[in-house]
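Chain and residue survey
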Amino acid sequence: MVARLTEGHRRESLAAIPDWGYDEGRDAITRRVVFANFVEAFGFMTQVALLAEKADHHPEWSNVWNRVDILLTTHDAGGLSQRDIAMAQAIDALL
């Protein structure tokens, strides 16, 4: 089972991904990404889907035209884990 991040590790990890927000109620990280149009947004989602499938760690997300909203949390851990931080960093590398 994947371990939930401790408060100290969470703080350090969030500092390493400054474009992500923290949702305290869900113990999750969130990010909104805006693109020029729907095709770019959907293309980005396709790239993330391939990363997520390879990592066996899938985001909660939504898409409205040029906007993609992403939420990462590890359900098995009951909150934020290192898997979420790694996925956020992989997503950031796509951008």
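Going by an unreviewed UniProt entry, the protein carries the name Putative pterin-4-alpha-carbinolamine dehydratase and comes from Sphingomonas agrestis. Under the Catalytic activity (unreviewed entry) heading, UniProt states for the protein: "(4aS,6R)-4a-hydroxy-L-erythro-5,6,7,8-tetrahydrobiopterin = (6R)-L-erythro-6,7-dihydrobiopterin + H2O". Quoted verbatim from the Sequence similarities (unreviewed entry) field of UniProt, the annotation for the protein is "Belongs to the pterin-4-alpha-carbinolamine dehydratase family."

1. What about a nonpolar patch on the surface?
There is a patch of nonpolar side chains on the surface, built from Phe38, Val39, Phe42, Val64 and Trp65 and spanning about 540 Å² of accessible area. As for its position among the elements, Trp65 is in the loop between strand 3 (60-64) and strand 4 (67-72).

2. Topic: the sheet that holds strand 1 (residues 21-23)
The strand order 1-2-4-3 describes an open sheet built from four strands, whose pairing is antiparallel. Across the chains shown, the open sheet's two edge strands, defined by having one partner strand only, are strand 1 and strand 3. Neighbouring strand axes in the sheet, compared pairwise and without regard to direction, differ in orientation by 20 degrees on average. Pairing of strand 3 with strand 4, which is carried by five bridges, proceeds in the antiparallel orientation. From the neighbouring strand, Trp61 faces strand 4, where its bridge partner is Ile70. Most of the contacts of helix 3 (residues 82-94) go to strand 4, to which it runs at about 155 degrees, and overall it touches strand 2 (28-34) and strand 4.

Conventions used here
- Residues numbered from 1 in each chain as written.
- Predicted model: local features only at pLDDT ≥ 70, side-chain atom pairs only at ≥ 80, totals over all residues.
- Heavy atoms only, no water.
- UniProt positions renumbered as here; feature names shortened; annotations may be inferred.
- Patch = residues over 30% accessible without salt bridge, like charges linked within 9 Å, V, L, I, M, F, W, Y side chains within 5 Å.
- Areas by Shrake-Rupley, 256 points an atom, 1.4 Å probe, with all protein chains shown as cover.
- Salt bridge = Lys/Arg side-chain N within 4 Å of Asp/Glu carboxyl O.
- Helix = DSSP H or I, 4+ residues; strand = E, 2+ residues; numbered from the N terminus.
- Pairing = 2+ DSSP bridges.
- Axes fitted to C-alpha atoms, helices over the stretch in contact; angles between N-to-C directions.
- Contact = heavy atoms within 4.5 Å.

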